[in-house]
Structures are given as structure tokens and as C-alpha cells.
Amino acid sequence: MSMSGYYNIGAGSDAGSIHTIHRALDLGVTHLDTAEIYGPFTNEELVGRAIKDRRDQVVLATKFGIVSHSGGGPGVLDSSPANIRMAVEGSLQRLGTDHIDLYYQHRVDPNTPIEDTVGALAQLVAEGKVRHIGLSEAGPATIRRAHAVHPIAALQTEYSLWTRDPEAELLPLLRELGIGFVPYSPLGHGELPAQPPHRRRSPGHGPRGGWNTGADRSCLATRSGRRYRADSRHQAGRPRRGEHRRRPDRAEWRADREAEQPHAGRGRAPQRREHGRHRAVTARC
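Quantities reported herein were computed from a predicted structural model and do not represent experimental measurements.

A. Quick peek at the overall build of the protein. Along the backbone of the protein there are 9 helices and 9 strands. Considering only residue pairs separated by 6 or more positions, the protein has 68% of its internal contacts joining residues 24 or more positions apart. Summed over all atoms, the accessible surface of the protein reaches about 15,500 Å², with 52% contributed by carbon and sulfur.

Laid out in C-alpha cells, this is it:
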């Protein structure tokens, strides 16, 4: 998505973006994730050009629901069956493919029952235009209702060192229902890694507020007015606007880590595999 103007990272080129995607595929990345709202539409076109003649190497995901094709345009939530039909035909054309491996509802539409949305997606699965159905930023109740209509393959939700909300209810629910989890922004929208001051983004492009337990996260919360959610220990160490973030030195990091995980000691943290499955190698465009 940042290849098409999101996150205010500066100008790039399609050639450079396509080269990056090709390099990722060469290194073993197998999952490309885009959406019609990115651009809008131009990111799907970019990915379509990048995977031409390499379609069989990619698990291709895209999203619908933040573009109304009945007159509302980009930024309008619309997951009605009629809008889904128009959205998927446009995405297939821009991506240059006859099927989408994973088709997400980008944000829950409060004006359309989730049963109607998933029912329309199930028809696309029956037609072979969509292989698997996904949701994004949906709450537990919505996930259960959707899964009762047709199996949901994946949920995409923000998850990083400072956005841990999914651990409370979402992850246990996904394990219970056998739904995959696709975390996005694992580096906190680029704020967790050290960056020189001139590359830092404006405060309006930081991570969102936390996932609201029992409800779906709205589109507006992801596009503007983002606020950091952290416990008091992290809030005390956060820089004020205009100040630079001071990264903790190794001794501080180790002391903090051992305080939270005394069982880990000074050695390497134990590696875990959930249900014996390897994680997918994923890239979001």
C-alpha cells in the first residue's frame, strides 16, 4: 500500500516498486496483499503488472468495502452484495487474473448485515472467482456470525509490540474456529525501528487506537485521529511531539525483558510453534 501513496513515505516509481516485488518473490515471499482502496485502484494495477507470468508463485489477496461503486466513491463503506459483485470484477481485471486467492472485507459495513456480505462472497467462491474469504478488523461477534454462513479463512488485524489487543479475545477465538491470523503493521507503521528525524512521519500517521473489545474497528479510526495506546510504563517513556525517540540501550532492554519474562533468563527466548504450523511469509503492497 505504501507503494501507492499511503503512510506519506515520499514519491517512488512503479519500476522500483515492481523490482521490489520481484526481489521479494525471488527471496521466497509467497503472499501479496493489496486492496482496491490503495490508490485507489492503482496498487492493484501495479501488483497485476508485477505478477504477470508469475501468478502461480503468489497467494494473491485483495480487499473490498471502502469504495462504493454505486456512486459513493472511495472512502464510503459498502459491503452490499451488489457492490461486492462490481468490486470483484474490477479487481480481477486490474490484477490480470481469473481468481483471487483470499478476498477480504476491508472494514465491516454497519449498514449491511454480515450474513448478506458473506453470502455474496460464498457465491463468488462457488463461481471460482474467489478461493477463500477473509475479514479485516472485525470483532468477535461479527466473526462468529460470518463463520456460521461460510468458513472464514483469515482475519487481518493490526498486531505489533505496542498493539497487543488481539491477544485478549481475538487470538483465542481464531484458534477455536480454525481461522488464520494475518497481522499487519508489525513494526508499528514504521515507528518501532530507529529512523533518522527527516524520515519520521507526521503524528497523524502513527498507529491507531486499540481494538475495541466486542466491536468492529471503524475505517475512520484507521485513516485519521490515530492515538497511541500503551500502558503507563510506555507512556512515561514516550517522546513529546517534536522530540526524538531515545532507543533503550542493551542493558535497559535486557533488564526490562527479564523483568517481564523471568523464565527466559539471559539466554535466547524459547521459540514456539502453534499447532505445528509454520507462519506464512507475507508482504503487504
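B. Quick peek at the packing of aromatic side chains. One pass over the full model with this rule turns up 2 aromatic pairs. When the centroid spacing of 4.9 Å and the interplanar angle of 40 degrees are considered together, the rings of Phe64 and Tyr103 count as tilted. One end of the pair, Phe64, is in strand β2 (residues 59-64); the other, Tyr103, is in strand β5 (residues 100-105), and 39 residues separate them in sequence. Both residues of the pair, Phe64 and Tyr103, count as buried.

C. Inspection of the nonpolar core at higher detail. Residues Tyr103, Leu135 and Ile143 are the most contacted members of the largest nonpolar core, which totals 26 residues. Mapped by element, the contributors of at least two residues to this core are α3 (81-95), β5, α4 (114-127), β6 (130-136), α5 (140-149) and α6 (170-177). Looking at which element gives the most residues to this core, the answer is α4, with 5 residues. Beyond its immediate chain neighbours, meaning those up to four positions away, Ile143 contacts Leu135, Ala138, Leu155, Leu170, Leu173, Leu174, Leu177 and Ile179. Core analysis: the next-biggest nonpolar cluster, separate from the first, contains 13 residues, Ala24, Leu25, Leu32 and Leu95 among them.

D. Fine view of α3. Its 15 residues give α3 an end-to-end C-alpha distance of 21 Å, which sits within 8% of 21 Å, the value for a rise of 1.5 Å per residue. Of all the positions in α3, only Asn83, Ile84, Ala87, Val88, Gly90, Ser91, Leu92, Arg94 and Leu95 are classed as buried. At its buried positions, α3 is contacted by α2 (42-50), β2, β3 (67-68), β5, α4 and β6. Backbone geometry just after α3 places Gly96 at a positive phi near 65 degrees.

E. Here's a closer look at the side chain of Asp78. Relative to the helices and strands, Asp78 is located in the loop between β4 (73-74) and α3. It is Arg85 that comes nearest to the buried, bridge-free Asp78 among opposite-charge side chains, at 13 Å.

F. Structural detail: unusual backbone geometry. Cis geometry is found at the peptide bond from Gly39 to Pro40, where omega equals -5 degrees. Although it is not a glycine, Phe41 adopts a positive phi angle of roughly 75 degrees. The residue Phe41 is located in the loop between β1 (31-33) and α2 in this model. Owing to a relative accessible area of 25%, Phe41 belongs among the partly exposed residues under this scheme.

Conventions used here
Residues numbered from 1 in each chain as written. Predicted model: local features only at pLDDT ≥ 70, side-chain atom pairs only at ≥ 80, totals over all residues. Heavy atoms only, no water. Helix = DSSP H or I, 4+ residues; strand = E, 2+ residues; numbered from the N terminus. Contact = heavy atoms within 4.5 Å. Areas by Shrake-Rupley, 256 points an atom, 1.4 Å probe, with all protein chains shown as cover. Phe/Tyr/Trp six-rings, centres within 6.5 Å; stacked < 30°, edge-to-face > 60°. Buried < 20%, exposed > 50% of the residue type's maximum accessible area, 1.4 Å probe, protein only. Core = buried A, V, L, I, M, F, W, Y, C linked by side-chain atoms within 4.5 Å. Expected span 1.5 Å × (residues − 1). Lys, Arg positive; Asp, Glu negative; His and termini not counted. Salt bridge = Lys/Arg side-chain N within 4 Å of Asp/Glu carboxyl O.

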